[in-house]
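Listed below are the residues making up each chain.
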Amino acid sequence: MKYKTLKGLQDILPPEIAAWHHIENKARDIFRNYGYQEIRLPILEATDVFIRSIGETSDIVEKEMYTFQDKGGRSVTLRPEGTASFVRAYVEHHLYNDPSPQKFYYLGPMFRYERPQAFRYRQFYQIGAEAMGIDDPKLDAEIIAMLSKLLHSIGLAGLNFEVTSIGCKKCRPDYRTALKSFLGGKLDTFCGDCQRRYDANPLRILDCKVPSCIESRKGSPPVLDYLCGECRDHFESLRGYLDVLNVPHTVNPNLVRGLDYYTKTAFEVSSENLGSQSAVAAGGRYDSMVAEFGGPSTPGIGFAMGMERIIPLIQDSVSKATGPDLLFCPLGDKASEKAFVLTEQLRAMGIWGEMNHESASMRSQMRKANRIGAKNVIVLGEDEIGKGEITIKNMTDGNSIKSSLVASDIFKIISQHK
RNA sequence: GUGAGUGUAGCUCAGCCGGUUAGAGCAUCUGACUGUGGCUCAGAGGGUCGGGGGUUCGAGUCCCCUCACUCACCCCA
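Residues numbered from 1 in each chain as written. Chains lettered and ligands numbered in written order. Predicted model: local features only at pLDDT ≥ 70, side-chain atom pairs only at ≥ 80, totals over all residues. Heavy atoms only, no water.

It is worth spelling out the overall build of chain A at this point. The number of helices and strands found in chain A is 15 helices and 16 strands. Each of the three principal axes of chain A carries a C-alpha extent, and together these read 95 × 50 × 50 Å. Here chain A, with 418 residues, has 48% of them falling under the buried criterion. Accessible area of chain A: about 20900 Å², with a carbon and sulfur share of 50%. Distance from the positive charge centre (52 side chains) to the negative charge centre (52 side chains) of chain A: 3 Å. (Helix = DSSP H or I, 4+ residues; strand = E, 2+ residues; numbered from the N terminus. Buried < 20%, exposed > 50% of the residue type's maximum accessible area, 1.4 Å probe, protein only. Areas by Shrake-Rupley, 256 points an atom, 1.4 Å probe, with all protein chains shown as cover. Lys, Arg positive; Asp, Glu negative; His and termini not counted. Charge placed at Lys NZ, Arg CZ, Asp CG, Glu CD.)

Here you go:
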């Protein structure tokens, strides 16, 4: 085979599309009820858009971006996530001047140059939502509730909602300092990865799965104790509102986000039914990003869900593609031309009509009708054309109904058996 | 970037201590059944055994290299 998809990229073939549509349709329905409007953003952005927002030392920026020079010598990057592009557009088009909150959703492909594995691809699709201009924790609760409603309406079960607060510009540095001073003394008892994390992102050490690291970090200062008053209130209110809205959740203080722009609320939804890449959706609040992009100080909160992580969870329950409403099986050239015209007329009336083009035996034409899942079949031969009368065979129950050779008569019968 | 595993027909996979024309099931096509599918039966097409090199009288099988895929780590949706 000469050509193949690039590593980590995949073709999505028709049998899978029904599941994609199912998710997208549910998302559009629910977003509408919550007042989210679609926004379509470019896949390519100036590289700086991502470096500035996601963070210079984040893994995404350090090693996962598809970055290259365009013909004008500018550094451009295939978006590794949606929020940075969104905020760029929000500021560029002065959307903050619309009444708050402004709510948006988007869907499309993201790109990260990672080693592919189960449920992780280099090109992957996300559906994301962003709510801007309000820092009330009710909005945090609302968007998490919306996400919960969406995932459940899609048909997912066995989900875990985890929330935490990672503090803000004021209190996070204090925690970081406290944590580093606790870990610093016994750094040599941690794994190599953690020793690297100590400088780059010490919070991540709290999430390490190596048993010796779990042991060594026991007694480390709890994140939530270091929140400033504002962040603590925000988080406590959020939890209360989640209870009011009946969104079951657990607090996971060690929830770590790979993006630098988050403040206060961070959350993640994982599934018990995936492999090691179990996060189905994740998000958080980003109250200083708009200002960093040159807009007026404006709070925001959003999430993104990964299509490839959801599809396998629902695939079996979504009905597969079906066959045509009607298949003509013509016998001979004259019949073939007649079928050709009738098929086109029936399509104009709203029927999915097909005809066999190759001249084959009756038997093999019927076999094919069965194979493609045709719901009705019309055999068209010399007799039928001579008499101007045909029988429409229903492939589900095997019964036949007589009809004239006129499209409108055929339509009446087929439309009852689609 | 690191580690492990797997590459044989369109798909899922057998193939023994190396042995002569490389197999099965499913799928495709044809026929049994002259113009009515699904079941059954018979037959046909379809393979550089991932690629290259080596050992050997002889390699799908053993060795080396390489490529691809998969899973996991890192990290994340």
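Now that the structure is up, let's keep going.
For the rest of this paragraph, the subject is the pairing of strand β11 (residues 300-306). Along β11, seven of the seven residues are buried, which leaves the element largely enclosed by surrounding structure. Alternating residues of β11 divide into Gly300, Gly302, Ala304 and Gly306 and Ile301, Phe303 and Met305, and every residue in both groups is buried. In the sheet, strand β6 (residues 123-132) pairs with β11 via seven bridges, with the strands oriented antiparallel. Looking at the pairing, Met132 lines up with Gly300 of β11. In the sheet, strand β10 (residues 279-285) pairs with β11 via five bridges, with the strands oriented antiparallel. The partner of Ala282 across the bridge, within β11, is Ala304. (Pairing = 2+ DSSP bridges.)

Turning our eyes to something else, we now look at the nonpolar core. Phe31, Leu151 and Met305 are the most contacted members of the largest nonpolar core, which has 43 residues in total. Considering each element in turn, this core owes the most residues, ten residues, to helix α5 (residues 137-154). The residues touching Leu151, leaving out its near neighbours within four places in the chain, are Leu156, Leu159, Phe161, Val269, Val280, Met305 and Ile310. Membership of the second largest hydrophobic core comes to 28 residues, among which are Tyr90, Phe124, Tyr261 and Val290. (Core = buried A, V, L, I, M, F, W, Y, C linked by side-chain atoms within 4.5 Å. Contact = heavy atoms within 4.5 Å.)

Around RNA strand B sit 47 residues in total, of which Arg112, Arg120, Arg197, Gly258 and Glu384 are the nearest. Contact between RNA strand B and Lys7: a phosphate oxygen at 2.9 Å from a side-chain N or O atom of the residue. A distance of 3.2 Å is found between a base nitrogen of RNA strand B and a backbone nitrogen or oxygen belonging to Tyr121. A total of seven residues in the surface near RNA strand B trace back to one element, the largest contributor, which is helix α13 (residues 362-372). Along the lines of polarity and charge, the residues of the surface near RNA strand B split into 14 nonpolar, twelve polar and 21 charged. (Near = heavy atom within 4 Å. Polar contact = N/O pair within 3.5 Å; in protein donor to acceptor, adjacent residues only side chain to side chain. Nonpolar A, V, L, I, M, F, W, Y, C, P; charged D, E, K, R; others polar.)

We now examine the packing of helix α2 (residues 47-54) against helix α4 (residues 83-92). At their nearest, the axes of α2 and α4 sit 9 Å apart, and the two run at 105 degrees to each other. On the basis of the axis angle, α2 is roughly perpendicular to α4. Contacts between α2 and α4 pair Val49, Phe50 and Ser53 from the former with Ala84, Ser85 and Arg88 from the latter. Residue composition of the contact of α2 with α4, by class: three nonpolar, two polar and one charged. (Axes fitted to C-alpha atoms, helices over the stretch in contact; angles between N-to-C directions. Parallel < 35°, antiparallel > 145°, perpendicular 65-115°, else oblique.)

With that settled, the discussion passes to the domain arrangement of chain A. Split into domains, chain A comes out as domain 1 (14-171 + 227-317) and domain 2 (326-414). For domain 1 versus domain 2, the separation of C-alpha centres amounts to 50 Å. (Domains from an automatic or database assignment.)

Before going further, it helps to spend a moment on the side chain of Thr47. By secondary structure assignment, the location of Thr47 is in helix α2. Judged by relative accessible area, which is 8%, Thr47 ranks as buried.

Note that the residue after Ser100, namely Pro101, is joined by a cis bond; omega there is -10 degrees. Positionally, Pro101 belongs in the loop between α4 and β5 (102-111). One non-glycine residue, Asn246, lies in positive phi territory at about 60 degrees. Position of Asn246 relative to the elements: it lies in the loop between α9 (229-244) and β8 (250-251). The phi torsion at Lys264 lies on the positive side, around 55 degrees, for a residue other than glycine. Locating Lys264 in the fold gives a position in strand β9 (residues 263-271).

Two modes of strand pairing occur in sheets, parallel and antiparallel, and in both the strands are linked by backbone hydrogen bonds. Spatial ordering of the open sheet is given by β2-β4-β3, a layout of three strands whose pairing is antiparallel. In the strand order of this sheet, the two ends are held by β2 (44-46) and β3 (66-69), each with one partner. Strand after strand, the sheet turns through a mean of 35 degrees between neighbouring axes, direction not considered. Seen against the sheet, α2 touches β2, β3 and β4 (75-78) and runs at an angle of roughly 75 degrees to β2.

The next subject is the sheet that holds β11. Strand order in this open sheet of eight strands is β1-β5-β6-β11-β10-β9-β7-β8, and the pairing throughout is mixed. Two strands close off the open sheet at either side, each with one partner strand: β1 (37-38) and β8. Taken together, the two bridges between β1 and β5 define a ladder with parallel strand orientation. Residue Glu38 lies in a different strand from β5, and its bridge partner there is Tyr105.

Further remarks concern the packing of aromatic side chains. Counted by the stated rule, this structure contains twelve aromatic pairs. On the numbers, 5.9 Å between centres and 75 degrees between planes, the contact of Tyr261 with Tyr286 is edge-to-face. Here the residue Tyr261 occupies a position in the loop between β8 and β9, and Tyr286 occupies one in the loop between β10 and α10 (289-292), the gap between them amounting to 25 residues. In this pair, the class of Tyr261 matches that of Tyr286, namely buried. An aromatic cluster of three or more residues is present, and its members are Phe86, Tyr90, Tyr96 and Phe104. It is Arg122 that lies over the ring of Tyr113; its NZ or CZ is 3.8 Å from the centre. (Phe/Tyr/Trp six-rings, centres within 6.5 Å; stacked < 30°, edge-to-face > 60°. Lys NZ or Arg CZ within 6 Å of the ring centre and 35° of its normal.)

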